[in-house]
Amino acid sequence: MTALARPQAAAALDGAQPLRKLYLESLALIERLHRQLLDVIKDELDRRDEREINSVQALLLFNVGDQELTAGELRTRGHYLGSNVSYNLKKLVESGYIHHERSAVDRRSVLVRLTRKGEAVRDMLRELFERHLGSLEAVGNVGLSELEILNVSLKRMERFWIDQVRFQL
């Protein structure tokens with residue numbers, strides 16, 4: 001690096017300080033918000049005296065919804081590590097929340113769908129999130145425009161991270 005390039009590089013790094021601070025704050029917020037969502041779900045499970053499953057499993061049931069999915073599809077759609085999906089699906093099958101069967105097309109794949117018991121938990125979370133919608137703007141001061149901006153930003157961040165991995169940037 002030339003003597004002239006060093007001050008320019010240093011100036012660029014100094015200019016990145018506000019961006020660095022906000023980026024690191026965003027990373028911490030994303031992580032905390034996910035944990036907080038799990039706490040909100042756990043609180044609802046406790047209120048309904050649902051002690052057989054945990055909040056991660058309940059969120060997994062919510063994400064299955066009305067669909068028939070493979071474990072791989074669940075992993076890519078949700079917030080799960082591969083082994084956690086397998087472990088939690090096994091527990092949910094054993095507890096009667098999920099029905100599973102081998103795919104007729106690809107015998108290596110296992111398709112999962114909710115049982116009536118699983119549908120009850122999914123519906124419980126739907127009701128919870130509907131209640132939240134009733135007070136999100138009035139109490140949380142989060143409206144349509146804020147959510148639109150948030151979702152665009154999070155999708156851009158997701159795309160950026162996907163590209164970092166895919167293209168080894």
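So, how was this worked out
- Residues numbered from 1 in each chain as written.
- Predicted model: local features only at pLDDT ≥ 70, side-chain atom pairs only at ≥ 80, totals over all residues.
- Heavy atoms only, no water.
- Salt bridge = Lys/Arg side-chain N within 4 Å of Asp/Glu carboxyl O.
- Helix = DSSP H or I, 4+ residues; strand = E, 2+ residues; numbered from the N terminus.
- Buried < 20%, exposed > 50% of the residue type's maximum accessible area, 1.4 Å probe, protein only.
- Pairing = 2+ DSSP bridges.
- Contact = heavy atoms within 4.5 Å.
- Axes fitted to C-alpha atoms, helices over the stretch in contact; angles between N-to-C directions.
- Core = buried A, V, L, I, M, F, W, Y, C linked by side-chain atoms within 4.5 Å.
- Expected span 1.5 Å × (residues − 1).

Draft legend 1. Broad picture of the pattern of salt bridges. On inspection of all chains with the given rule, the structure shows 19 salt bridges. Between arginine 131 and glutamate 44 there is a salt bridge, and its shortest N-O distance comes to 2.9 Å. Residue arginine 131 is found in helix H6 (residues 116-135), and its partner glutamate 44 is found in helix H2 (residues 17-47); the two are separated by 87 residues along the sequence. The salt bridge involving arginine 116 is made with glutamate 119; its shortest N-O contact spans 4.0 Å. A residue pair is termed a helical-turn pair when its members lie 3 or 4 positions apart in one helix, as arginine 116 and glutamate 119 do in helix H6 at three residues. Residue glutamate 119 is classed as partly exposed on the basis of its relative accessible area of 27%. Here the salt bridges share partners, and the residues they tie into one network are Lys42, Asp46, Asp49 and Arg51.

Draft legend 2. Geometry of the sheet that holds strand E1 (residues 69-70). With respect to topology, three strands assemble into an open sheet ordered E1-E3-E2, the strand pairing being antiparallel. In this open sheet, the two edge strands, each paired with only one partner strand, are E1 and strand E2 (98-102). Pairing geometry for E1 and strand E3 (residues 110-114), over two bridges, is antiparallel. Note that in E3 the partner of threonine 70 across the bridge is leucine 111. Packed on one face of the sheet, helix H3 (residues 55-64) meets E1, E2 and E3 and runs near 95° to E3.

Draft legend 3. Spatial organisation of the nonpolar core. Ile53, Leu60, Leu61, Leu74 and Ile98 are the most contacted members of the largest nonpolar core, which totals 23 residues. Taken together, the elements giving at least two residues each to this core come down to H2, H3, helix H5 (82-94), E3 and H6. Looking at this core element by element, the count peaks at five residues for H3. Every residue in contact with isoleucine 53, bar those within four places of it in the chain, is listed here: Leu45, Ala58, Leu61, Leu92, Tyr97 and Val121.

Draft legend 4. A look at H2. The terminal C-alpha atoms of H2, which comprises 31 residues, lie 44 Å apart, in line with the 45 Å expected from a rise of 1.5 Å per residue. For H2, the full list of buried residues reads Leu38, Ile41, Glu44 and Leu45. Of the surrounding secondary structure, the elements contacted by the buried residues of H2 are H3 and H6. With its phi angle positive at about 55°, aspartate 49 sits one or two positions after the end of H2.

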